[in-house]
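# Remarks on the overall topology
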Amino acid sequence: MGAGKSTIGRLLAQELSSTFIDSDKVIEERSGADIPWIFDVEGEAGFREREMAVISELTQLNDCVLATGGGVVLRPENRECLQNRGVVVYLQTSIEQQLERTARDRNRPLLQTANPEEVLRKLLEQRDPLYKSCADIIIRTDKRHPRAVIQEILRQLKQLSKQPS
Ligand SMILES: Nc1ncnc2c1ncn2[C@@H]1O[C@H](COP(=O)(O)OP(=O)(O)OP(=O)(O)O)[C@@H](O)[C@H]1O
Ligand SMILES: O=C(O)C1=C[C@@H](O)[C@@H](O)[C@H](O)C1
Ligand SMILES: [Mg+2]
């Protein structure tokens, strides 16, 4: 959360002249409700079910940049879809920066707690190995302007396409 998936994904899609899709937004459109409402009424388990259905569908599309939710890697089915169908970019960010970037909006139910720093630390511990297990490209985003992050993604994409398969 707050790594910049939505922000950087949108700009990257512009740069690549591709379609941008944000799975969190698609989940909200399909449910006719926002993410805090889904967590409230259906719990995290309900949200993960909706997320899995949407990821399975969106990863069938071609030529697009897909920003996922931060917990997408929790389900092995999602990791498999992402790995099989695309180049996966892990935007690595320190907890300090995540806190700074998420402080202004209240749209992340998992962070609506007395100690968001502790929550982020636990999530990172659990998720970092999963992100690494499916990432083709890993980029640190701390104190880096979104434009600089995008240039680095483009550079690494070029390198990947040069490698013999
Ligand atoms: N590299 C960056 N430098 C400075 N600010 C950034 C950077 N990337 C994103 N931000 C800012 O951080 C906030 C959160 O970014 P964003 O919503 O893109 O994160 P996210 O990874 O999509 O989070 P989530 O997992 O909750 O969907 C936004 O206000 C955005 O403008
Ligand atoms: O990291 C997470 O588990 C989440 C991140 C957001 O993108 C949303 O998908 C939701 O708030 C859950
Ligand atoms: Mg996002």
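Criteria and cut-off values
Residues numbered from 1 in each chain as written. Chains lettered and ligands numbered in written order. Predicted model: local features only at pLDDT ≥ 70, side-chain atom pairs only at ≥ 80, totals over all residues. Heavy atoms only, no water. UniProt positions renumbered as here; feature names shortened; annotations may be inferred. Near = heavy atom within 4 Å. Polar contact = N/O pair within 3.5 Å; in protein donor to acceptor, adjacent residues only side chain to side chain. Areas by Shrake-Rupley, 256 points an atom, 1.4 Å probe, with all protein chains shown as cover. Nonpolar A, V, L, I, M, F, W, Y, C, P; charged D, E, K, R; others polar. Helix = DSSP H or I, 4+ residues; strand = E, 2+ residues; numbered from the N terminus. Buried < 20%, exposed > 50% of the residue type's maximum accessible area, 1.4 Å probe, protein only. Contact = heavy atoms within 4.5 Å. Pairing = 2+ DSSP bridges.

The name given to the protein in an unreviewed UniProt entry is Shikimate kinase, and the organism recorded there is Nitrincola lacisaponensis. According to the UniProt record, the Subcellular location (unreviewed entry) comment for the protein reads "Cytoplasm". Database annotation for the protein, UniProt heading Sequence similarities (unreviewed entry): "Belongs to the shikimate kinase family."

## Regarding the site of ligand 1
The environment of ligand 1 is made up of 13 residues, and the closest members are Lys5, Ser6, Thr7, Arg108 and Arg144. In this structure, Ala3 approaches ligand 1 through a main-chain N or O atom, which is 3.3 Å from an oxygen atom. Separating a nitrogen atom of ligand 1 from a backbone N or O atom of Arg144 is a distance of 2.7 Å. Within the complex, the protein chains bury 76% of what would otherwise be the 640 Å² of accessible surface of ligand 1. Each residue belonging to the shell around ligand 1 can be placed in one class, and the counts come to 3 nonpolar, 5 polar and 5 charged.

## As for the site of ligand 2
Around ligand 2 sit Met1, Asp24, Ile35, Phe47, Arg48, Gly69, Gly70, Gly71, Pro109, Leu110 and Arg127, and those are all the residues in its vicinity. Within the contact set of ligand 2, an oxygen atom lies 2.6 Å away from a side-chain nitrogen or oxygen of Asp24. Arg127 is positioned with one of its side-chain polar atoms (N or O) 2.7 Å from an oxygen atom of ligand 2. Protein contacts shield 96% of the accessible area of ligand 2, which totals 310 Å² for the unbound molecule. It is helix α3 (residues 35-58) that provides the largest number of residues to the shell around ligand 2, a total of 3 residues. Of the residues that constitute the shell around ligand 2, the class distribution is 5 nonpolar, 3 polar and 3 charged.

## Let's talk about the UniProt feature "binding site: ATP" (unreviewed entry) in the protein
Sites flagged by UniProt as "binding site: ATP" (unreviewed entry) map to Gly2, Ala3, Gly4, Lys5, Ser6, Thr7, Arg108 and Arg144. Spanning 143 residues, the named residues do not form one spatial group; their C-alpha atoms are separated by as much as 22.8 Å. Summarising the element assignment, Lys5 is placed in helix α1 (residues 5-16). Judged by its relative accessible area of 24%, Lys5 is partly exposed. Beyond its immediate stretch of four places on either side in the chain, Lys5 contacts Ala67, Thr68, Gly69, Gly70 and Leu91. Note that Ser6 resides in helix α1. Here Ser6 falls in the partly exposed class, since its relative accessible area comes to 32%.

## Things to note about the UniProt feature "binding site: substrate" (unreviewed entry) in the protein
Per the UniProt annotation, the sites labelled "binding site: substrate" (unreviewed entry) are Asp24, Arg48, Gly70 and Arg127. For Asp24, the location among the structural elements is in helix α2 (residues 23-31). Not counting residues within four places of it along the chain, the set of residues in contact with Asp24 comprises Ile35, Phe47 and Gly69. Structurally, Arg48 is set in helix α3. What makes Arg48 buried here is its relative accessible area of 7%.

## What about the pairing of strand β2 (residues 64-67)?
Only one face of β2 is buried, namely the one carrying Val65 and Ala67, since none of Cys64 and Leu66 on the opposite face is buried. Relative to β2, strand β1 (residues 19-22) is paired through 4 bridges, and the arrangement is parallel. If you follow Thr19 over to β2, its bridge partner there is Cys64.

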